[in-house]
Amino acid sequence: MFPRSAMGLARRALVSVSGHGQGRGWGCRALSDQPFPADLKRTVDTYLDYVRQLEVPADCLSHTEQLSEQFLKWPGPDLQLLFQKFAEEHTNWLSYQWQVDHLSNRHSLLTEVSGSFCPAPTAIHSLHDQLWLAAHILSALLDLKWKLDNGAMGVQRIGGVEQCMNRFQYAYSSCRVPAVSCDRFVVYPSYPPAARHVNVLYRDEIFSVDVYGDDDGRALSTEQLYEQLRKVTEQRAGRTEEPVGVLTALPRDLWASVYQDLVQDENNRAVMDNIQRSLFVLCLDQPVPPSPPPPPTTDPTTPTTGTLTTTTTITPLRGHTTLTATQRRDDLYQLYYGGGVDLNSCNRWLDKGTQVVVGANGMWGMQTEHSAVDGTHCLLIIDHVEQFMKKGHSGRNVGVTRSQVKSPTRLQLNLTAKTWSAIEEAKQHVTS
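About the thresholds
Residues numbered from 1 in each chain as written. Predicted model: local features only at pLDDT ≥ 70, side-chain atom pairs only at ≥ 80, totals over all residues. Heavy atoms only, no water. pLDDT = per-residue confidence, 0-100. Contact = heavy atoms within 4.5 Å. Pairing = 2+ DSSP bridges. Helix = DSSP H or I, 4+ residues; strand = E, 2+ residues; numbered from the N terminus. Axes fitted to C-alpha atoms, helices over the stretch in contact; angles between N-to-C directions. Buried < 20%, exposed > 50% of the residue type's maximum accessible area, 1.4 Å probe, protein only. Parallel < 35°, antiparallel > 145°, perpendicular 65-115°, else oblique. Nonpolar A, V, L, I, M, F, W, Y, C, P; charged D, E, K, R; others polar. Expected span 1.5 Å × (residues − 1).

**Here's the deal with the confidence of the model for the protein**
Per-residue pLDDT for the protein has a mean of 82; in total, 82% of the residues score no lower than 70. In this model residues 1-27 is a low-confidence stretch, pLDDT under 50, and it forms 59 contacts with partners more than four residues away in sequence or in other chains. This stretch, residues 298-318, has a pLDDT under 50; its non-local contacts, to residues over four places away or in other chains, come to 40 contacts.

Listed below in structure tokens is the structure:
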């Protein structure tokens, strides 16, 4: 029963991935396959070694060792044969199971699945600066997308090891879709392009913002991207009364039930399709009060601050800032959690494959839906953004002013009583 049910979950989870965007990956043929753990006894021994590191009580360890011995007799060998057959039929057995494990996780993405990466911040002092920083990041990500789509990126390496480029396809125009028991992960193609827009969240409101021009379909200049973001902020003077983004922080089965109720409405289906197809989500956060400094230490060997340095500069911004350890923790807390429902926790769409957060204090970073986008690829994306901004230009593939630009549009859902109740429950879930 277990292998059959697991395969059923796998087919449900990956059906949308196999239907969109396949063939965009490249640079993988020369890489070694994921090694198959053929020695079951060695696998079990490795597992027991990890258990012993946890320093569990002696009686629990003894019981685990007995169960392991029984597993090696049955059903371990039978499962190993099924596992080996599965591995022989797939290019990467781990990638397939990785997605199934993540997509069948029923806990909130806020605490269970999302990964966060926070580079060194930029010193900014106004909304104007925040929007310029966000516009430069948008330009860098559009530049990266052009290079990926046109095979101009080059195979990337980490620690001298070549990385499979196929995973980059999941960073753009991708989204997790809630479903009972096991979610789906959809990826939309670059050719023909599924999206010319990103979603911008500002004061808990969701906007659809075009980042390509209507005249020739190339990316907007950094200056025009800034103007697009400025138009967003001018549409929203106060906080929305409908913070629907917080729904994505619900436990998955509950969010799936609410989602199915929402998409019965034609307008809501169009909104969800707009979000799922968008290149990525950009969250423009409100200021977050700083934490109080830690108490002074009497131990002179214990540092009370941490120093971050980088050569990255952004024109026309004012360079990077040095943070204390407390400030660094605050930035990571804001990126990962948002600071609470009264601050930025509702200003997120956690289902999105890639989510960029830009704070009012110059903090910026990426959140990724971890079932499809691996941490190594996120680091490579962030490195590209930092190198792009370090050069202080808009890039050869972006940066040309387009004559026709569609203004941002606000996305609004038609909410039922069930949805309103779920929003309040989601707020409590985030707060608890």
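**Looking at the sheet that holds strand β6 (residues 197-202)**
Strand order in the open sheet made by the seven strands is β1-β10-β9-β8-β6-β7-β11, with mixed pairing throughout. What marks the edges here is a single partner per strand, and that holds for β1 (115-117) and β11 (409-411). Adjacent strand axes in the sheet meet at a mean angle of 25 degrees, parallel and antiparallel pairs treated alike. Set on the sheet, helix α8 (residues 222-235) makes contact with β6, β7 (205-210), β8 (281-284) and β11; between it and β7 the angle comes to about 150 degrees.

**Some words on the pairing of strand β9 (residues 354-358)**
With five of five residues buried, β9 lies mostly within the body of the structure. As defined by bridge partners, β8 adjoins β9 across four bridges and the pair is classed as parallel. Bridge assignment links Leu284 to a residue of β9, and that residue is Val358. The pairing of β9 with strand β10 (residues 364-368) spans five bridges and is classified as antiparallel. Across the sheet, Val356 pairs through a bridge with Met366, a residue of β10. Adjacent in sequence and paired antiparallel, β9 and β10 are bridged by five residues, among which Gly362 carries a positive phi angle near 95 degrees.

**Structural notes on the pairing of β10**
Within β10, five of the five residues are buried, which leaves the element mostly enclosed by the surrounding structure. A two-sided burial pattern is seen for β10, the buried positions comprising Trp364, Met366 and Thr368 on one face and Gly365 and Gln367 on the other. As paired elements, β1 and β10 share three bridges and run antiparallel to each other. What sits directly across from Ser116, in β10, is Gln367.

**Side note on the packing of helix α2 (residues 40-53) against helix α3 (residues 58-73)**
Two elements in contact, α2 and α3, have axes whose closest approach is 11 Å; the angle formed by their N-to-C orientations is 170 degrees. By the angle between their directions, the pair α2 and α3 is classed as roughly antiparallel. Residues Leu40, Lys41, Val44, Tyr47, Leu48, Val51 and Arg52 of α2 pack against Leu61, Thr64, Glu65, Ser68, Phe71 and Leu72 of α3. Class assignment for the residues of the contact of α2 with α3 results in eight nonpolar, two polar and three charged.

**Some remarks on helix α7 (residues 127-149)**
Residues spaced three or four apart along an α-helix face the same direction, because each turn holds 3.6 residues. Under the 1.5 Å per step criterion, the end-to-end length of α7 is 33 Å for 23 residues, consistent within 8% with the ideal 33 Å. In terms of burial, α7 is largely enclosed, as 19 of its 23 residues are buried. Once α7 ends, the next one or two residues include Gly151, with phi positive near 65 degrees.

**Details of the environment of Asp33**
Turning to its location among the elements, Asp33 is positioned in the loop between α1 (2-19) and α2. Note: C-alpha distance between Asp33 and Trp93 (60 residues apart in sequence) is 9.3 Å.

**Considerations on the packing of α3 against helix α4 (residues 76-88)**
Between α3 and α4, the shortest axis-to-axis distance is 5 Å and the interhelical angle comes to 60 degrees. The orientation of α3 with respect to α4, classified from their angle, is oblique. Contact with α3, carried on its side by Phe71, Leu72 and Lys73, involves Gly76, Pro77 and Leu79 of α4 and no other residues of that element. When grouped by side-chain class, the residues that make up the contact of α3 with α4 number four nonpolar, one polar and one charged.

**Observations regarding helix α11 (residues 325-337)**
Between its first and last C-alpha atoms α11 spans 18 Å; for 13 residues at 1.5 Å apiece the expected length is 18 Å, and the two agree. Every buried residue belonging to α11 is among Thr326, Arg328, Asp330, Asp331, Gln334, Leu335 and Tyr337, and all of these are buried. In this structure, the buried residues of α11 make contact with α6 (109-112), β1, β9, β10 and α13 (417-431). Count one or two residues on from α11 and you reach Gly338, which has phi positive near 90 degrees.

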